[in-house]
Amino acid sequence: MTSSSSVIHHPACVLVTGGAGFIGSNFLLRMVRRYPNVQFVNLDKLTYAGNLMNLTAIEDAHNYQFVQGDVADAALVQELFATRGFTTVVHFAAESHVDRSILAPLAFVQTNTMGTVTLLEAARHAWADRDDDPARYRFFHVSTDEVFGSLGDDGFFSEETAYDPRSPYSASKAASDHFVRAYAHTYGLPVSISNCSNNYGPYQFPEKLIPLVIMNALHERPVPIYGKGDNIRDWLHVHDHCDAIDVILRRGTPGETYLVGGNNERSNLDLVTMLLDQVDEVLGRPAGTSQQLITFVKDRPGHDFRYAIDATHLRDALGWQPQYSPEDGLRATVNWYLDNQPWLDAVNDASYRAYYEQQYAAR
Ligand SMILES: NC(=O)c1ccc[n+]([C@@H]2O[C@H](COP(=O)([O-])OP(=O)(O)OC[C@H]3O[C@@H](n4cnc5c(N)ncnc54)[C@H](O)[C@@H]3O)[C@@H](O)[C@H]2O)c1
């Protein structure tokens, strides 16, 4: 194995996929400004989850460009590799909502699995000279802790945990992780994989728990909680995740996997209760007002009980640790959504409302 000091990667031109989504847009907003000498090309299909409004702060930056397209479109992806001279891929694009994967799994296989393989194929051909300098290129695959399945009351996921995906979403992500490792093993593609816990922060589409709770509380609509609300997730601020990706991309050992987590476990009910109290506080409502909106709904089929990450490897190897305390991060997030109601209203369009009504209101 080459020593990590000799494989520090210096991105020159980065293909960011899914950069108009939640994590991708936060990543671009940080990195385009942090690295003015690096070029960033954002390839995004602009599904319901992608929104160029997220990126207005950098849309005119000299080192940023947007291309609308599908990561599974082999001709487009090959043409981009041929004409842009990418040194680096940071692959976020995905269908990302577990509930939608239960309703319509094929879109998840198409984007998450086929799309990833399409990008890997383009990279392995475009980077044919990679053996000359193993530090020159890097394919960074952004994945999830959901590939490891569900924990009981104890224990943590680590880099050694066996895969056990249990939803169509996590199965499609697990398949993509396996393909990324297969390309490293078979073709020597320089890859990095991160598996991260649940993210929260600005620009998250309001079908996901935290913005959904804030939006519904704001509009005094029912706040749905699956089952009894005792499922546990480990929450990490999206800026901390983006900074972990940046560190792993540059200094991570090629071929290695890093688990990223917030050491911030909460049951859904505890989290929702805390968020509703904060909404009441910010909006000046009497304490406890929004708690009355909590509505327990039929549990998600196959709902994983608990996810929790042991991020020791990332901390020890690369010195990363979260900068946000859970309390500060969640409070800042509530404030962000309440300060950005036009964003919430704009993404909460007719198609989403129809979906929301189908998912929750009928239960
Ligand atoms: N959100 C989380 O808590 C979390 C945690 C760990 C890992 N991840 C992973 O991080 C990545 C980003 O997640 P997110 O929450 O930002 O997702 P998101 O749903 O908010 O955004 C996905 C983006 O990908 C784009 N996209 C979808 N299909 C595409 C296609 N075929 N071609 C090009 N673009 C396409 C969408 O338009 C959107 O902009 C995903 O790979 C997800 O599995 C997410």
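Everything here concerns the structure above.
Nothing here was measured: the structure is a model prediction, and the numbers come from that model.

Draft legend 1. Spotlight on the packing of aromatic side chains. Overall, the coordinates contain 15 aromatic pairs when judged by the stated rule. When the centroid spacing of 5.2 Å and the interplanar angle of 40 degrees are considered together, the rings of phenylalanine 148 and phenylalanine 157 count as tilted. With respect to class, phenylalanine 148 is no different from phenylalanine 157; both count as buried. Where tryptophan 336 meets tryptophan 343, the ring centres are 5.6 Å apart and the plane angle is 70 degrees; that geometry is what we call edge-to-face. Judged by its relative accessible area of 17%, tryptophan 336 is buried. By relative accessible area, tryptophan 343 is classed as buried at 7%. Site record: aromatic cluster; members linked through ring pairs are Phe81, Phe86, Trp127 and Tyr137. Taking the ring centre of tyrosine 48 as reference, the NZ or CZ of arginine 100 above it sits at 3.5 Å.

Draft legend 2. Quick peek at the environment of threonine 186. By the element assignment, threonine 186 lies in helix α5 (residues 168-187). Judged by its relative accessible area of 54%, threonine 186 falls in the exposed class.

Draft legend 3. Geometry of the site of the ligand. Close to the ligand lie 28 residues; Ile23, Asp44, Ser96, Tyr169 and Lys173 are nearest. A distance of 3.1 Å is found between a nitrogen atom of the ligand and a backbone nitrogen or oxygen belonging to lysine 45. With respect to the ligand, the side chain of tyrosine 169 contributes an N or O atom lying 2.6 Å from an oxygen atom. Notes on the ligand: free accessible area 840 Å², of which the protein chains cover 97%. Looking at the shell around the ligand, the elements that each hand over two or more residues are α1 (22-34), β5 (138-144), α5 and β7 (198-200). Looking at the shell around the ligand element by element, the count peaks at three residues for β5. Counted by class, the shell around the ligand contains twelve nonpolar, twelve polar and four charged residues.

Calculation notes
- Residues numbered from 1 in each chain as written.
- Predicted model: local features only at pLDDT ≥ 70, side-chain atom pairs only at ≥ 80, totals over all residues.
- Heavy atoms only, no water.
- Phe/Tyr/Trp six-rings, centres within 6.5 Å; stacked < 30°, edge-to-face > 60°.
- Buried < 20%, exposed > 50% of the residue type's maximum accessible area, 1.4 Å probe, protein only.
- Lys NZ or Arg CZ within 6 Å of the ring centre and 35° of its normal.
- Helix = DSSP H or I, 4+ residues; strand = E, 2+ residues; numbered from the N terminus.
- Near = heavy atom within 4 Å.
- Polar contact = N/O pair within 3.5 Å; in protein donor to acceptor, adjacent residues only side chain to side chain.
- Areas by Shrake-Rupley, 256 points an atom, 1.4 Å probe, with all protein chains shown as cover.
- Nonpolar A, V, L, I, M, F, W, Y, C, P; charged D, E, K, R; others polar.

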